[in-house]
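# Overview (structure and organization)
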Amino acid sequence: MYEWSETDLMVRDAVRGFIDKEIVPVSTELESGELPPFDVLRKLYSTFGLDEMASKSLAKALAKEAGEPLPEGDDDEEGGGFSGAGSMGVILNSELAKVSLGLVASMGVSVGLTVGTIRSRGTLAQKKRWLPELVTFEKVGAWAITEPDSGSDAFGGMKSTVRRDGEDYILNGQKTFITNGPYADVMVVFAKLVEDDEKDVNPRDRKVLTFVLDAGMEGLIQSKPMQKMGMNSSPTGELFFEDVRITPDRLLGESEEIAKKDGRASAKDSFVAERVGIASLGLGIIEECHRLSIDYAKNRTLWGNSIGNFQLIQLKLAEMEIARINVQNMVFNAIERTKAGEKITLAEASAMKLYSSRAATEVAMEAVQLFGGNGYMSEYKVEQLARDAKSLMIYAGSNEIQVTHIAKGLLAED
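Notes on the structure follow.

Cut-offs applied
- Every chain is numbered on its own, with residues counted from 1 as its sequence reads.
- Per-residue local features of the predicted model are confined to residues with pLDDT of at least 70, and side-chain atom pairs are confined, for both listing and counting, to 80 or more; whole-chain, interface and lining totals are unaffected and use all residues.
- In computing side-chain values, all of the structure's heavy atoms are included and hydrogens and water are not.
- Only DSSP runs of H or I covering at least 4 residues are called helices, and only runs of E covering at least 2 are called strands; the numbering of each starts at the N terminus.
- Note on contacts: a residue pair qualifies if any of its non-hydrogen atoms lie within 4.5 Å across the two residues.
- For this analysis, a ring pair means two rings from Phe, Tyr or Trp (six-membered ring only for Trp) whose centres lie within 6.5 Å, classed as stacked if their planes differ by under 30 degrees, edge-to-face if by over 60, and tilted for the remaining angles.
- Accessible area is worked out with a 1.4 Å probe on protein chains only. A residue is then buried under 20% of its type maximum, exposed over 50%, and partly exposed in between.
- Here, a salt bridge means any Lys or Arg side-chain nitrogen found within 4 Å of an Asp or Glu carboxyl oxygen.

### Some remarks on the side chain of Arg250
Among the structural elements, Arg250 can be located in the loop between β7 (236-246) and α8 (263-299). Beyond its immediate sequence surroundings of up to four residues, Arg250 is in contact with Gln126, Arg129, Trp130, Thr210, Phe211, Val212, Leu213, Asp214 and Met217.

In structure tokens form, the structure reads like this:
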């Protein structure tokens, strides 16, 4: 794949039309946090039929798993309704990133990470219980693993714990930087199991279990949205657990020994999808910065000349184009491999995330520089794009930790 198909371009134009009509007019309210993103995302889902597609696809997947007759319709069995790894998903994500990156974060965490974890780890009953309202965006999901003292050391530094209390579990701890946290209806939460006979076990090595919580549970506190540098249309908050009683039906898989794995395995699978997705977001920011910079270079005059005639400006534009081509090729490669059923490794996903986030940030900062004083003003879009781009170097795991994952993958090769 080296270019978008005609169908892809039609989808892109339709998405751009929706953005111009439904998002641009409220972008100020979204970016200020005055307007939570969820109604806009629900409108997006209903406009493009993503809610109906997701509902039908999920019904088929659940029927197949239950050994029941499949509902009438197409043969899609994915159950998610919309894959962010396919060309349509990449186009949607990259186009949204050009105007409001936070929308993609809220959408991806809810229908991507939250839904994906329940689908991969949950029992049939659990999938029927939580997925129907999540895949259609009727309910908002959150995926809670990060803690104040863990960050990149998500598992080793995890301090949230569960203890058995009869058949139930008692959860205590705290999660931070949780996308959708302040408004989430359903939360996938990771915590370490503490057993009475494991007093000598290193806390870093304790088993990680995964639970599904609902808003309003006693002892569960959802904070107000945090104030952030960028991605402001996506609410980020903290979750506090104070003796939250969790019944066994909320333990994903309803077993502590699912396929001889614990919560670490499903979390790492989610990391791959999330990091591959960063490349499409970086592509969108690069493309928008590039477009705005070219237009500005053509129309801004200095000393009687268009600044596009100055070689230093030409160098900036040329380097932006190189970054655009490189990241686009990475995205196209991921689309083709996913379509072919080829698994992308964690090391490869980390490489994509590292390069694309770095490239997007560099391009956005150069766009601000090209615009000069105007670029520093919020009136000009490049100011927001620069703040949003920087988040990609931290989001989904800091770039520094990506280096470790890439190197480990290389050193493990035969």
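### Focus: the packing of aromatic side chains
Tallied over the entire structure, the rule returns 10 aromatic pairs. Aromatic pair Tyr45 and Phe137: ring centres 5.6 Å apart, planes at 65°, arrangement edge-to-face. Taken as a pair, Tyr45 in helix α3 (residues 38-47) and Phe137 in the loop between α7 (124-135) and β1 (141-144) lie far apart in primary sequence, 92 residues in all. The class for Tyr45 is buried, based on a relative accessible area of 2%. Residue Phe137 is classed as buried on the basis of its relative accessible area of 0%. Ring centres 4.0 Å apart and planes at 20° place the aromatic pair Tyr296 and Phe371 in the stacked group. Here Phe371 lies in helix α10 (residues 346-371) and Tyr296 lies in helix α8, a separation of 75 residues in the sequence. Here the aromatic residues Trp143, Phe190 and Phe271 are joined through ring pairs into a cluster of three or more.

### Things to note about unusual backbone geometry
Here Met231, not a glycine, exhibits a phi torsion of approximately 50°, which is positive. Position of Met231 relative to the elements: it lies in the loop between β6 (220-222) and β7. A positive phi angle is found at Ala396, which is not glycine, with a value near 60°. Within the secondary structure, Ala396 sits in the loop between α11 (381-391) and α12 (399-411). A relative accessible area of 11% places Ala396 in the buried class.

### Thoughts on the pattern of salt bridges
Tallied over the full model, the rule gives 24 salt bridges. A salt bridge links Glu256 to Arg164, with the shortest nitrogen-to-oxygen separation between them at 2.6 Å. Of this pair, Glu256 sits in the loop between β7 and α8 while Arg164 sits in strand β2 (residues 161-165); the two residues are 92 residues apart in sequence, bridging distant segments of the chain. On the basis of relative accessible area, Arg164 is assigned to the partly exposed category, the value being 39%. A salt bridge links Glu288 to Arg291, with the nearest nitrogen and oxygen atoms 2.8 Å apart. On the criterion of helical spacing, the pair formed by Glu288 and Arg291 is a turn pair, its members being 3 residues apart in helix α8. Several salt bridges share partner residues, and in doing so they unite Arg16, Glu95, Lys98 and Glu287 into one network.

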